[in-house]
Amino acid sequence: MFSWLWNWNRKGSYEPVPEDLRQKKFNPEKHASFISKITYSWFNSVIILGYKKPLEREDLFELNDNDSSYNVCPIFEKQWRRNMLMNKKNKKKEAKTKKPSLLHALWNTFKFLLIQVALFKIFADILSFISPLIMKQMILFCENRLDLVWNGYGYAVALFVVTILQTLVYQQYQRFNMLNSAKIKTAVIGLLYKKALNLSNSSRKKFSSGEIINLMSADAQQLMDLTVNLNILWSAPLQILMAILLLWQELGPSAFAGVVILVLVIAINALAANRIKVLKKSQMKNKDQQIKLLNEILQGIKILKLYAWEPSYQKKIIEIREHELEIQKSAGYLTVFSMLTLTCIPFLVSLATFGVYFLLDDGNVLTANKVFTSISLFNILRLPLFDLPMVISSVVQTKISLGRLQDFLHAEELNPENIESHCPRNFAVEFMDASFTWENGQPPILNDLNIKIPEGTLMAIIGQVGSGKSSVLSAILGEMEKLKGTIQRKGSVAYVSQHAWIQNSKLQENILFGSVMQKQYYERVLEACALLPDLEQFPNGDQTEIGERGVNISGGQKQRVSLARAVYNDADIYLLDDPLSAVDVHVGKHLFEKVIGSSGLLKNKTRILVTHNLALLPQADLILVMESGRVAQIGSYHELLLKVTDFTNLLQISSISEKVCPSKEVNQRNFRTISKDKIMEQASFALEEEKCFSMKKEKIPTSDVKFSSIVKYLQAFGWLWVWLCVTAYLGQNLVSIGQNLWLSTWIKEAKHVKDIMEWKQLRNSKLNIYGLLGLIQGFFVCFGAYIINNGAFAASKTLHHQMLDSVMHLPLQFFEINPIGQIINRFTKRYYIASSRQIRRLAGASRSPIISHFSETLSGASTIRAFGHQQRFISQNRDVVNENLVCFYNNIISNRWLSVRLEFLGNLLVFFAALLAVLAGDAMDSATVGLIISYALNITQSLNFWVRKSCEIETNAISIERVFEYTNIKKEAPWVKTKRPPSQWPDKGIVEFINYEARYRPDLGLALQDVTFQTRSEEKIGIVGRTGAGKSTLTNCLFRILEKSNGKIIIDGIDISTIGLHDLRGKLNIIPQDPVLFSGTLQMNLDPLEKYSDNELWEALELCHLKDFVQSLPKRLLHEISEGGENLSVGQRQLICLARALLRKTKILVLDESTASVDYETDNLVQSTIQKEFADCTILTIAHRLHSIMDSERILVLDSGRIIEFETPQNLIRKKGLFSEIVKESGIL
């Protein structure tokens, strides 16, 4: 039966393991002999290799096929789907039905494996009670010595055989139990991931990325932790019952006194567990908030640094953390109380039992066999009594986690009926009287749409900020909830989002996106998307790894990669959400002609383009004008030009800005292809400016855990508390030994008692001392637990604050090369030895890719769905989860390997102790024999305890080691120095660069070379240059995001390198290209430091043309912004960033293409606002839209990190230099 259960789920179908995994290290377990399996000798090679050298991932054995995520996840998902279908059927029959139970699905999937584990546990428990019974016979043999000596040898051998069997069975139980729990966690993570890919917008608002990651990392882990200890729920009561029955045989009715004590203690601990449940529920909410905020901080770290907002957000995390610690502290005190009662249970039970035993009959005398058999049974009782309340508490916590998991799994998904996948006649997309909203129950965002888009046409969608342009694309993707009408779509879709979603993988993999490589077409796509010159500059060409969120390439490069991905995937319909806004004008024209336009690669495809570039409209077959979520106008360019006055006015505004000639023929003359040499000129410097480096893999230490890490932890704990704790636990163990020695002495003296009065006197004195020793032991336990509780929380608080402070002080480059999941993993860790240590390190490192992939998927879910690549990403998730499972599996086996060998040594000790008792004859009395054998039996348990605790200490020390890694990384300059600028500085706004040079890394070339220029007070400077010319680098240097290699920057007479970063950044102002918002209220996003009044906020909103929109919101300033500002359009987000700048008004303002995502009309209004409100400021403007800098007093032209030209616009145009060439390419001249 065991054999059948062992091989149970090898049967049935499962996904084949990928071939690349099959080529890794073969697992010999399946073909090992029976003896090798039960002793884990088949794992010897890994242990030996780990002794010789630090283990690496390639050294570990692969999982058996049936244990891999490729098998576990599909089976569980199939069961979950079955439960969901049954629930739907029941709903039709009954009005009220319970939601499908995650627990029920898990049981149906893993029940045979769980039963297998339970059988091993029953067998191990039975064997654990045989040892005390054999020990009793051994003591009886030593008491009378009348039996044949061979009986004694027989008892010794029997004791050895039973302990060996118990070891082998128990270790098999542990092996299957741990692996099954990991498989359950793997199955739940797989289901969570699949669910996350299909969440509706209302569900995404309810569950932030941080909360979803917490479900995966914390709640799924809690489920796994309970599964590990699940059998204790029935095993502990069974062990307690068996122990009581055996105690009854030894001590009669007095055993019930112990039962009463047990019931009282368990009842008290149940009340404590109830209270802990409430505290843990509150703690999980705090954990969600912490991870959510931390995730957002890491996503928007550049904004925090530019605005010097780190202390404000650091304070928010500390407040959440301290609240969490207070809850943990309260739970800790309850745990201290539980530990006190549980540790003292054996003593209390034995005291009560022996006391009642004496009171029932004055003739009851303690003998060696009664005492030490009872003590052995009490020792067996200790573990189930200690574990049971903890498991009950774990059940309570898991119930909370199950509720949270089920809430997520039952969350609303995108309705597949939002869109029909077939469109009649020759239309690619057709809206018929359709209205849409982002959330059910909310007012419509798009109203009464009636749009027909013929196949193969180019339709441009234009309109003001917030008019619903991007929402139309979302409706076509099925991302919005349909309220009425119909929308039909024919064929496959490719989608380019307004903010490019880039994967942390090779550039080629980003473009192929799972498609098969077709070299010739791939080259055409690269050329059309102007990527070939970039590839020539990247260190590894298209094999260069792109960092998380595309941090090591420019905004324009991100958008071109995103466009190339869409083009290469050869879809029927292309949804392009303003992809040209992030690139220079001349590059945009190249992309339009080569990709989007009538002669581009997509000329025969249906293209729906959201744009603010009205110069492109003559090229469109159809133009859709959106206004307040409705179709204002639709028709061809010439139709709208002749019929619609508003459209003509809009074009006039645009022509003033860009001098666009409405004639299609004239526009085509200016619309020429950029040659490869010209693009090469743009990209030649991109490597240095855009920091083209690979994401940093998580460093896995290979040496012993540094003793210095443990010392640092003890320092955080407090040396006084450390010594008091050592004293308390030393005292506890000494008193425990004293109790057993006292009993042994009592038994010896009892043999020489001659009458009942002398026995009573001896009994009372010995019992009183025994009770006193128990009280002293209780004091030491309580004192030690209290100290550990307080010291641990103090250390946790200190280390967390140190790591958070260190992370906040790290330079921006650190966040650009370290994945967010890796950083979050450090904050969420709770954390013989050579091999085990390294496997644990590998397991810890393998968790980070799971979090990173989860986070990356959540941010790009809409793109993944648009391309229909959900299944491919689910497979990728299984890959990273499987890697973690491999490390966990090897860790399980390494622990079992060591435990079997240590327990075998302990069993030998028991055997030799029993053998010695037989050989010693009358020289050793029965009391001494009982004491020796009972301690020998405890040796095995103590060895296991020592190994487990050693591993836990090493694991926790590894976590501490990983925490201190971040504290030891070189920090950016101090936020505040002793030398501080005057409070009114800068008062003129004169910026001077003197022979300034900078590089992103020592091994890269100079990003800025010999830059020297000076602005005048309140001067308006435009900064232009081709992609990679050094424009963004100049801004980074001004804010000291990038430190100098040579030269200096002086602002109003002060060298900025001599003052603190916050004194500098707090006196500068910037409106960045990427409009980053944080979840929270609109008011908090405008004023996180709470410096300004409501009137000032409303004034800023009015100036940036958002006042009407905010007043229309139900909560106005308290309107909740969703994670990343997803419930606002990109244009609205940029305007909020403008409002921040208006509030923060300083003498120097940097505009980094701050209006790229707003329409021309709003852009003109914003530009006039900037000119008026910042008239007395020095303004440095980086722009792709040249009209926004044409009225600048002077223009700084950069090329390859050098200043090429610095003159007035008029003089530069007359000089016929680089600026004049760029202006001509843009079509302005």
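Since the model is a prediction, treat every value here as computed from it, not as a measurement.

A. Quick peek at the nonpolar core. Phe431 and Ile608 are the most contacted members of the largest nonpolar core, which totals 119 residues. For this core, the leading source of residues is helix α7 (residues 149-196), giving eight residues. Those residues in contact with Ile608 that lie beyond four places of it in its chain are Val429, Ile453, Met459, Ile461, Leu473, Ile476, Ile573, Tyr574, Leu575 and Leu576.

B. Looking closely at a nonpolar patch on the surface. Residues Leu730, Leu734, Ile737, Leu741 and Tyr935 make up a contiguous nonpolar surface patch of about 450 Å² in total accessible area. For the nonpolar patch, the element with the highest residue contribution is helix α27 (residues 719-750), accounting for four residues. In this fold, Leu741 is placed in helix α27.

C. Just the sheet that holds strand β18 (residues 1148-1152), in detail. Reading across the sheet, the six strands line up as β15-β18-β19-β12-β20-β21 and stay open at both edges, with mixed pairing between neighbours. With one partner strand each, in any of the chains shown, β15 (1069-1071) and β21 (1202-1207) form the two edges of the open sheet. The mean inter-strand angle of the sheet, taken between neighbouring strand axes irrespective of direction, is 20 degrees. Here five bridges tie β18 to strand β19 (residues 1178-1182), and the two strands are oriented parallel to one another. Considered in β19, the bridge of Asp1152 is made with Ile1182. Helix-sheet contacts for helix α35 (residues 1031-1038) involve β12 (1020-1024), β15, β18, β19 and β20 (1194-1199), and the interaxial angle to β19 is about 145 degrees. Sheet contacts for helix α40 (residues 1130-1144): β15 and β18; angle to β15, the most-contacted strand, approximately 165 degrees.

D. Spatial organisation of the packing of helix α19 (residues 555-568) against helix α20 (residues 585-596). For the pair α19 and α20, interaxial distance at closest approach is 13 Å and the crossing angle is 0 degrees. Taken together, the axes of α19 and α20 are roughly parallel relative to one another. From α19, Arg560, Leu563 and Val567 reach across to α20, where they touch Val587, Leu591 and Val595. Taken together, the residues that form the contact of α19 with α20 break down as five nonpolar, no polar and one charged.

E. Inspection of the environment of Ser128 at higher detail. On the secondary structure map, Ser128 appears in helix α6 (residues 102-144). For Ser128 and Ile380, which are 252 residues apart along the polypeptide, the C-alpha to C-alpha distance reads 7.9 Å. Those residues in contact with Ser128, other than ones at most four positions away along the chain, are Gln166, Gln239 and Ile380. Polar side-chain contacts of Ser128 include one of 2.5 Å to the backbone oxygen of Asp125.

F. The arrangement of the pairing of β19 in detail. Among the five residues in β19, five count as buried, and that is most of the element. Side chains of β19 alternate between two faces, with Thr1178, Leu1180 and Ile1182 and Ile1179 and Thr1181 buried alike. Inspection of the sheet shows β12 paired to β19 by four bridges, in the parallel sense. Bridge pairing in β19 places Ile1023 opposite Ile1182.

G. Representation of helix α9 (residues 209-229). In this model, α9 (21 residues) spans 30 Å end to end at C-alpha, consistent with the 30 Å of a helix rising 1.5 Å per residue. At Leu215, α9 shows its strongest bend, of approximately 35 degrees. Most of α9 sits out of view: 18 of its 21 residues are buried.

H. Summary view of the packing of aromatic side chains. For the structure on display, the rule yields 27 aromatic pairs. Both rings, one in Trp248 and one in Phe256, keep their centres 5.1 Å apart while their planes meet at 75 degrees; by these two values the pair is edge-to-face. The class of Trp248 is partly exposed, set by a relative accessible area of 40%. Aromatic side chains Phe779 and Phe780 sit 5.7 Å apart centroid to centroid with 55 degrees between the ring planes, which places their arrangement in the tilted category. Phe779 gets classed as exposed once you look at its relative accessible area, which sits at 53%. The side chain of Arg175 reaches across the aromatic face of Phe176, ending 4.5 Å from its centre.

I. Up close: the packing of α9 against helix α11 (residues 255-299). It is at 8 Å that the axes of α9 and α11 come closest, and there the two elements cross at 125 degrees. As the angle between them shows, α9 and α11 are arranged oblique. Remark: the crossing between α9 and α11 carries right-handed chirality. Mapping the contact onto sequence places Ser209, Gly210, Glu211, Asn214, Ala218 and Asp219 in α9 and Met284, Lys287, Asp288, Ile291, Lys292 and Asn295 in α11.

J. Molecular detail of the pattern of salt bridges. Inspection of every chain in the model, using the stated rule, returns 32 salt bridges. The salt bridge partner of Glu1019 is Arg1194, with a shortest N-O separation of 2.5 Å. Of this pair, Glu1019 sits in the loop between β11 (1008-1014) and β12 while Arg1194 sits in strand β20, and the two are 175 residues apart along the sequence. For Glu1019, a relative accessible area of 0% corresponds to the buried category. Judged by relative accessible area, which is 13%, Arg1194 ranks as buried. Salt bridges linked by common partners bring Lys305, Glu310, Glu972 and Arg1065 together as one network.

Parameters and conventions
Residues numbered from 1 in each chain as written. Predicted model: local features only at pLDDT ≥ 70, side-chain atom pairs only at ≥ 80, totals over all residues. Heavy atoms only, no water. Core = buried A, V, L, I, M, F, W, Y, C linked by side-chain atoms within 4.5 Å. Buried < 20%, exposed > 50% of the residue type's maximum accessible area, 1.4 Å probe, protein only. Helix = DSSP H or I, 4+ residues; strand = E, 2+ residues; numbered from the N terminus. Contact = heavy atoms within 4.5 Å. Patch = residues over 30% accessible without salt bridge, like charges linked within 9 Å, V, L, I, M, F, W, Y side chains within 5 Å. Areas by Shrake-Rupley, 256 points an atom, 1.4 Å probe, with all protein chains shown as cover. Salt bridge = Lys/Arg side-chain N within 4 Å of Asp/Glu carboxyl O. Pairing = 2+ DSSP bridges. Axes fitted to C-alpha atoms, helices over the stretch in contact; angles between N-to-C directions. Parallel < 35°, antiparallel > 145°, perpendicular 65-115°, else oblique. Nonpolar A, V, L, I, M, F, W, Y, C, P; charged D, E, K, R; others polar. Polar contact = N/O pair within 3.5 Å; in protein donor to acceptor, adjacent residues only side chain to side chain. Expected span 1.5 Å × (residues − 1). Bend = angle between axes of the 7 residues up to and from the residue. Phe/Tyr/Trp six-rings, centres within 6.5 Å; stacked < 30°, edge-to-face > 60°. Lys NZ or Arg CZ within 6 Å of the ring centre and 35° of its normal. Left-handed = near helix turned anticlockwise from the far one by under 90°.

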